[in-house]
Amino acid sequence: MSHFDETSDNLLLDKATQKAKPPKRYKVVLLNDDFTPMDFVVEVLMRFFAMDEAKAMQVMLAVHQQGKGICGVYSRDVAETKAYQVNQFSRQNQHPLMCQIEAE
């Protein structure tokens, strides 16, 4: 094998390695407000993020005490869909609860 062949093989391996990066992940975050009842936040967390009641209470308290709480980390499409669903559900129930995504 010539030196040229080794170099081209290495270049192919380098390109394959670069393409194998995992996709960027996004946090789905609930923001605190002074109007949404705590039990509604717990319901949202259980319904849209498959949390049990204890975990939902923990995240709800983080939202309440720290101003925001992380609901989960997902690919961009899944994160955007979940945030949209939560915001729609909140509006349908006349609550100002806001959900957004943040790059991890």
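A short tour of the structure in this document, coming up. (Residues numbered from 1 in each chain as written. Predicted model: local features only at pLDDT ≥ 70, side-chain atom pairs only at ≥ 80, totals over all residues. Heavy atoms only, no water.)

1. Examining the pattern of salt bridges
Then, number 1: Under the criterion given, the structure shown has 3 salt bridges.
Then, number 2: K68 is the partner of E102 in a salt bridge, and the nearest nitrogen-oxygen pair spans 2.9 Å. Taken together, the positions of E102 in strand β3 (residues 98–103) and K68 in strand β2 (residues 68–75) put the pair 34 residues apart, joining distant regions of the chain.
Then, number 3: A residue is classified by how much of its surface remains accessible, and K68, at 38% relative accessible area, is partly exposed.
Then, number 4: Of the charged contacts in the structure, one is a salt bridge between E80 and R76, with a shortest N-O distance of 2.9 Å. With a gap of 4 residues between them, E80 and R76 both fall in helix α4 (residues 76–92), about one helical turn apart.
Then, number 5: Assessed through its relative accessible area of 36%, E80 is described here as partly exposed.
Then, number 6: By relative accessible area, R76 is classed as partly exposed at 41%. (Salt bridge = Lys/Arg side-chain N within 4 Å of Asp/Glu carboxyl O. Helix = DSSP H or I, 4+ residues; strand = E, 2+ residues; numbered from the N terminus. Buried < 20%, exposed > 50% of the residue type's maximum accessible area, 1.4 Å probe, protein only.)

2. Focus: the sheet that holds β2
Then, number 1: Taken in spatial order, the 3 strands make up an open sheet running β2-β1-β3, and their pairing is antiparallel. Among the strands making up the open sheet, the edge pair consists of β2 and β3. Across this sheet, the average inter-strand angle for adjacent strands is 30°, counted without regard to direction.
Then, number 2: Strand direction decides the pairing type here: strand β1 (residues 25–31) and β2, joined by 7 bridges, are antiparallel. Counted as the bridge partner of V29 is I70 from β2. (Pairing = 2+ DSSP bridges. Axes fitted to C-alpha atoms, helices over the stretch in contact; angles between N-to-C directions.)

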